[in-house]
Amino acid sequence: MQRRLRDSMLWCMVAGLAGWAGLRLCGWEPKFVWSQLVSFTPYAAVLTLVPLGFAVFLRSGALLVAALVVTAAFAVIVLPRAIPEGNPPAGGPVLRVMAVNLLHSSVLPPDLVDAVERDRPDVLHLLEFTGLMRKRVEELGLGRLLPYRIVLPGEDSQGAAIYSRYPLRPGDAPIAAPAFEDSPRHLPAVVTLPGGREVDLVAVHACAPSEGWRTACWASSIRALPPAGGRPRVLAGDFNSTLDHAVLRDLIATGYRDAADVTGKGLSMTWPYYEQPRLFPKVAIDHVLADRRIAIRSFQTLRVPRTDHRATLTELVLP
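Right, let's walk through the structure included here. Source: prediction; values computed, not measured.

**Looking at empty space enclosed by the protein**
Applying the stated criterion to the full structure yields two cavities of 30 Å³ or more. As for the largest cavity, its lining consists of 17 residues, and the residues nearest its centre are Leu243, Gly266, Ser268, Ala284 and His287. A per-class count over the lining of the largest cavity returns seven nonpolar, five polar and five charged.

Below you can see the structure in the form of structure tokens.
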């Protein structure tokens with residue numbers, strides 16, 4: 001009886017994981033629950049080792065074959081993120097881009113300014129950036145470090161800003177998810193580098209798929225982002241999406257590359273690191289997408305106190 005129960009549990013686990021891998025590979029995303037659950041695909045990949053290990057231990061041929069197939073499917077999905085890719089030839093200007101979600105501007109202004117002084121980004125994307133936060137960081141010298149800025153006014157999660165070492169001008173109007181006027185907005189800008197090279201920037205803040213109606217807002221806010229093409233473009237910020245979301249992969253397929261994925265750090269998790277519960281599994285929802293013509297020299301995540309997101313710092317080389 002115990003053996004039959006054990007075998008049934010192992011086969012149920014294999015079947016459930018097979019369904020997970022199938023949904024992920026086909027790209028179909030049922031609404032709401034799956035849009036959250038699929039974020040944990042790397043953890044499901046690790047879980048496949050449980051039935052595989054039992055199959056080896058029990059010398060169960062049929063279970064071993066099924067578990068191997070499922071494990072292989074997850075390996076195809078997840079392992080490439082840990083393998084660095086090559087870069088296109090690029091000998092243009094270097095651009096260091098930092099992006100951080102400030103958790104309703106909960107980050108202490110001195111900590112933010114210290115991070116900029118320490119890591120020396122050329123461009124800084126700030127999400128959930130309030131008017132009070134702007135006043136305090138500029139009093140502390142952020143404008144001295146990064147003298148050019150474009151600010152999207154807003155409180156709580158609505159505000160955003162781009163600060164730059166080099167001249168900035170506004171891009172098109174802030175980008176919002178169609179039919180969701182109260183959603184966070186993406187902030188576009190154009191930076192002019194030494195020598196006159198221009199690069200499009202977008203400080204990204206997508207809706208979170210945290211409840212029924214916001215799932216539609218989330219997908220719309222990702223689809224609203226501009227596809228690659230024309231002038232080189234860099235999208236950086238809080239996408240509220242992982243590489244396991246089809247809507248983000250579709251955007252990348254227009255001609256972007258994910259900086260973490262390219263550098264073999266695609267399993268660097270970025271959220272949640274501040275709010276309870278602290279043992280909640282972390283996911284990678286903060287990204288830097290660069291035009292495929294841009295070389296990605298390095299990518300790292302950085303701890304910034306009092307926000308639930310890790311900041312990202314990426315060094316890019318223009319073609």
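**Quick notes on the packing of aromatic side chains**
With the rule as written, the count across this model stands at five aromatic pairs. Note on Phe40 and Phe280: the rings are 5.9 Å apart at their centroids and 75° apart in plane angle, and the pair reads as edge-to-face. One end of the pair, Phe40, is in the loop between helix 2 (33-37) and helix 3 (41-47); the other, Phe280, is in the loop between helix 11 (259-262) and strand 10 (286-291), and 240 residues separate them in sequence. Between Phe129 and Tyr163, the aromatic rings sit 6.1 Å apart at their centres with planes inclined by 80°, giving edge-to-face as the arrangement. Residue Phe129 is located in the loop between strand 2 (123-127) and helix 7 (131-139), and its partner Tyr163 is located in strand 4 (residues 160-164); the two are separated by 34 residues in the primary sequence. If you follow Lys282 out to its NZ or CZ, it ends over the ring of Tyr273, 5.4 Å from the centre. Positioned over the ring face of Tyr273 is Arg310, at 3.8 Å from the centre of the ring.

**Brief notes about the state of the cysteines**
Per the stated rule, a full pass over the model turns up one disulfide. The partner cysteine of Cys207 in its disulfide is Cys217, sulfur to sulfur 1.9 Å. With Cys207 in the loop between strand 7 (198-205) and helix 9 (212-223) and Cys217 in helix 9, the pair connects residues that are 10 residues apart, well separated along the chain. Taking the relative accessible area as the measure of exposure, Cys207 reaches 0% and is therefore buried.

**Section: the packing of helix 6 (residues 109-119) against helix 7**
Relative orientation of the contacting elements helix 6 and helix 7 amounts to 55°, with a least axis distance of 9 Å. Relative to helix 7, the element helix 6 lies oblique. The chirality of how helix 6 crosses helix 7 is right-handed. Along the contact surface, helix 6 presents Pro109, Leu112 and Val113, while helix 7 presents Met133, Arg136 and Val137. In terms of residue class, the contact of helix 6 with helix 7 is made up of five nonpolar, no polar and one charged.

**Thoughts on the environment of Ser39**
Structurally, the position occupied by Ser39 is in the loop between helix 2 and helix 3. When its relative accessible area of 11% is taken as the criterion, Ser39 is described as buried. For Ser39 and His245, which are 206 residues apart along the polypeptide, the C-alpha to C-alpha distance reads 7.3 Å. Excluding residues that lie within four positions of it along the chain, Ser39 makes contacts with Thr242, His245 and Val283.

**Details of the layout of surface pockets**
Space inside the largest pocket adds up to approximately 540 Å³. Taken together, 29 residues line the largest pocket, and the ones lying closest to its centre are Ala208, Ser210, Asn240, Trp271 and Ile285. Here the residues of the lining of the largest pocket sort into 11 nonpolar, 12 polar and six charged.

**A short note on the sheet that holds strand 1 (residues 94-101)**
Pairing within the open sheet is mixed, and its six strands lie in the order 3-4-2-1-12-11. Two strands lie at the open edges of the sheet, namely strand 3 (148-152) and strand 11 (295-302), each paired on one side alone. Strand-to-strand twist across the sheet, computed as the mean angle between neighbouring axes with direction ignored, equals 10°. Here strand 1 pairs with strand 12 (residues 311-317) via six bridges, running antiparallel. Within the sheet, the bridge partner assigned to Val94 lies in strand 12 and is Val317. Packing against the sheet, helix 6 makes contact with strand 1, strand 2, strand 11 and strand 12, and its axis sits at approximately 160° to strand 1.

About the cut-offs
Residues numbered from 1 in each chain as written. Predicted model: local features only at pLDDT ≥ 70, side-chain atom pairs only at ≥ 80, totals over all residues. Heavy atoms only, no water. 1 Å grid on protein atoms, 1.4 Å probe; cavity = no way out; pocket = protein on both sides within 12 Å on 5 of 7 lines; lining within 4 Å. Points joined across faces, edges and corners; volume = space filled by probe spheres on them. Nonpolar A, V, L, I, M, F, W, Y, C, P; charged D, E, K, R; others polar. Phe/Tyr/Trp six-rings, centres within 6.5 Å; stacked < 30°, edge-to-face > 60°. Helix = DSSP H or I, 4+ residues; strand = E, 2+ residues; numbered from the N terminus. Lys NZ or Arg CZ within 6 Å of the ring centre and 35° of its normal. Disulfide = S-S within 2.5 Å. Buried < 20%, exposed > 50% of the residue type's maximum accessible area, 1.4 Å probe, protein only. Axes fitted to C-alpha atoms, helices over the stretch in contact; angles between N-to-C directions. Parallel < 35°, antiparallel > 145°, perpendicular 65-115°, else oblique. Left-handed = near helix turned anticlockwise from the far one by under 90°. Contact = heavy atoms within 4.5 Å. Pairing = 2+ DSSP bridges.

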